[in-house]
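The chain contents come next:
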Amino acid sequence: MFHKPIIALDFKNMDDVNAFLRPFEEPLFVKIGMELFMQNGPEIVKIIRSQGHEIFLDLKLYDIPNTVRQAMFGLGKLDIQMVNVHAAGGKTMMSEAMQGLRDAGSDAKLIAVTQLTSTSESVMQKEQGIPLSIEECILNYATLTRDAGLDGVVCSANESKMLRDALGDDFFKVTPGIRTLTDAVGDQVRVATPEFAKENGSTHIVVGRSITQDSNPLEKYNQIKKVWENHVK
């Protein structure tokens, strides 16, 4: 299951989640982000796990190392399979996050966000003040993440090949911003099709509105899953 497309449950409440999940007859790999978690609390994780689905808890922790370690200790007590931090917090913060997770007895995979797929190179340079190309920035963050002992990063499919070449196949490259050719881009900037992500070395894809806002989410999911798992164009 761990390499199925990850469905982003970008909903506000469990009623909406249940309405979306009801047509699916197989366990899924789903992402619980800040919108769903902050409005419903940890109980939402327990409910969705009880339905047999695996969970990527996407909270992007970013704070001083001790705070992140203690927060991750709390999250590690939940039955989650993947969780993340921001690589911008630095190597020590990421190492402490991993320690907190393991201290809680969790074997969840820990990954780090490099740059959001809604961030362009010009925004990164002008607003974040990072005087690098976006590829150089992401490679730097990914290398720090690897050196901190984490399992991988969140990146766009545009950087997956570069990271595969530099850090290997086993280092997770979790790619959001996935769209099919007929989908609207929305607020994402660095988007890609499932085919491109597969060819470029992404190890996981995260798909949200392309599935959740489709008129037939089950059919759209199966279409994307077939392309992703079998690379059928």
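Description of the structure in this document.

We now examine helix α7 (residues 134–147). Compared with an ideal rise of 1.5 Å per residue, which puts 14 residues at 20 Å, α7 spans 20 Å between its outermost C-alpha atoms and is within 8% of the ideal. Among the residues of α7, those classed as buried are Ile134, Cys137, Ile138, Tyr141, Ala142 and Thr145. Buried residues of α7, viewed axially, fall in a sector of 125°; they line one side. Buried residues in α7 make contact with α5 (91–103), β5 (109–113), α6 (121–127), β6 (152–154) and α8 (157–167). Backbone geometry just after α7 places Gly149 at a positive phi near 90°.

Let us look at the sheet that holds strand β3 (residues 54–61). The strand order around the closed barrel built from eight strands is β1-β2-β3-β4-β5-β6-β7-β8, with neighbouring strands paired in parallel fashion. Averaged over all neighbouring strand pairs, the angle between strand axes comes to 25°, with direction disregarded. Judged from the three bridges that link them, strand β1 (residues 6–8) and strand β2 (residues 29–32) form a sheet pairing that is parallel. Paired with Ile7 across the bridge in β2 is Val30. On top of the sheet, helix α3 (residues 43–50) reaches β2 and β3; it is set at about 160° to β3, its chief contact.

Further remarks concern the pairing of strand β8 (residues 204–207). Burial along β8 is two-sided: His204 and Val206 and Ile205 and Val207, pointing in opposite directions, are all buried. Note that β1 and β8 share two bridges and pair parallel. Residue Ile7 lies in a different strand from β8, and its bridge partner there is Val207.

Moving on, we get to the state of the cysteines. By definition, a disulfide links the sulfur atoms of two cysteines through a covalent bond. The full count for this structure, using the stated rule, is zero disulfides. You can see Cys155 has no disulfide; the closest cysteine sulfur is in Cys137, sitting 12 Å from it. Classification of Cys155 as buried rests on a relative accessible area of 0%.

Going through the model one piece at a time under the given rule, you end up with three aromatic pairs. Relative to Phe24, the ring of Phe20 lies with its centre 5.2 Å away and its plane at 45°, an arrangement referred to as tilted. Here Phe20 and Phe24 have matching classes, each one buried. Three or more aromatic residues joined by ring pairs form one cluster here, namely Phe11, Phe20, Phe24 and Tyr221. Above the plane of the ring of Trp228 lies Lys198, whose end atom (NZ or CZ) is 4.8 Å from the centre.

The subject of this paragraph is the packing of helix α4 (residues 65–76) against α5. As a packed pair, α4 and α5 sit with axes 7 Å apart at the nearest point and diverge in direction by 30°. In terms of orientation, α4 lies roughly parallel with respect to α5. Of the two possible hands of crossing, α4 and α5 adopt the one that is right-handed. Counted together, Pro65, Val68, Arg69, Met72, Phe73 and Gly76 of α4 and Thr92, Met93, Glu96, Ala97, Gln99, Gly100, Leu101 and Asp103 of α5 form the full contact between these two elements. Class assignment of the residues belonging to the contact of α4 with α5 gives a composition of seven nonpolar, four polar and three charged.

In this section: the nonpolar core. Residues Leu9, Ile48, Leu57 and Val85 are the most contacted members of the largest nonpolar core, which totals 60 residues. When near neighbours in sequence (up to four residues on either side) are disregarded, Leu9 contacts Val17, Phe20, Leu21, Val30, Lys31, Leu36 and Ile48. One finds Ala8, Phe56, Val154 and Val206 within the second-largest nonpolar core, a separate group that totals eleven residues.

Let us look at α4. Between its terminal C-alpha atoms α4 stretches 16 Å, which fits the 16 Å expected from twelve residues at 1.5 Å a residue. Structurally, α4 contributes buried residues whose contacts are with α2 (34–40), β3, β4 (82–86), α5 and β5.

Residue position: Ile48 is located in helix α3. Distance from Ile48 to Val17, taken between C-alpha atoms, is 8.9 Å for residues 31 residues apart in sequence. The residues contacting Ile48, other than those within four sequence positions of it, are Leu9, Met14, Val17, Val30, Ile32, Leu36, His53 and Ile55.

Conventions used here
Throughout, residues of each chain are indexed from 1 in the direction in which the sequence is written. This being a predicted model, a pLDDT of at least 70 is required before a residue's local features are given, and a value of 80 or more before pairs of side-chain atoms are given or counted; all residues contribute to the totals for chains, interfaces and linings. Excluded from the side-chain calculations are hydrogens and water; all other atoms, namely the structure's heavy atoms, are used. Helix and strand definitions follow DSSP, with helices as H or I runs of at least four residues and strands as E runs of at least two, each counted in order from the N terminus. Residue count minus one, scaled by 1.5 Å, sets the expected span of a helix. The rule is simple: take the accessible area with a 1.4 Å probe, protein chains only, and divide by the maximum for that residue type; under 20% is buried, over 50% is exposed, in between is partly exposed. Each C-beta atom gives one direction from the helix axis, and the arc is the one those directions make. It only takes one pair of heavy atoms within 4.5 Å for two residues to be counted as in contact. One bridge is not enough; two strands pair if DSSP finds at least two bridges between them. Whenever a helix is involved, its axis is fitted only over the stretch in contact; in every case the axis is a line through C-alpha atoms, and angles between N-to-C directions fall within 0 to 180 degrees. The criterion for a disulfide is a pair of cysteine sulfur atoms lying within 2.5 Å. Note on ring pairs: Phe, Tyr and Trp rings are taken, using the six-membered ring of Trp, and paired if centres are within 6.5 Å. Classes follow the plane angle, with under 30 degrees stacked, over 60 edge-to-face and the rest tilted. Geometrically, a charge over a ring is one whose NZ (Lys) or CZ (Arg) sits within 6 Å of the ring centre while staying within 35 degrees of the ring normal. Put simply, angles under 35 degrees are roughly parallel, angles over 145 are roughly antiparallel, angles from 65 to 115 are roughly perpendicular, and the rest are oblique. The sense of a crossing depends on the near helix, which, turned anticlockwise from the far helix by less than a right angle, makes the crossing left-handed and, turned clockwise, makes it right-handed. Residues are grouped as follows: nonpolar covers Ala, Val, Leu, Ile, Met, Phe, Trp, Tyr, Cys and Pro; charged covers Asp, Glu, Lys and Arg; every other residue, Gly included, is treated as polar. For the purposes of this section, nonpolar cores are sets of buried Ala, Val, Leu, Ile, Met, Phe, Trp, Tyr and Cys residues that join through side-chain atoms within 4.5 Å.

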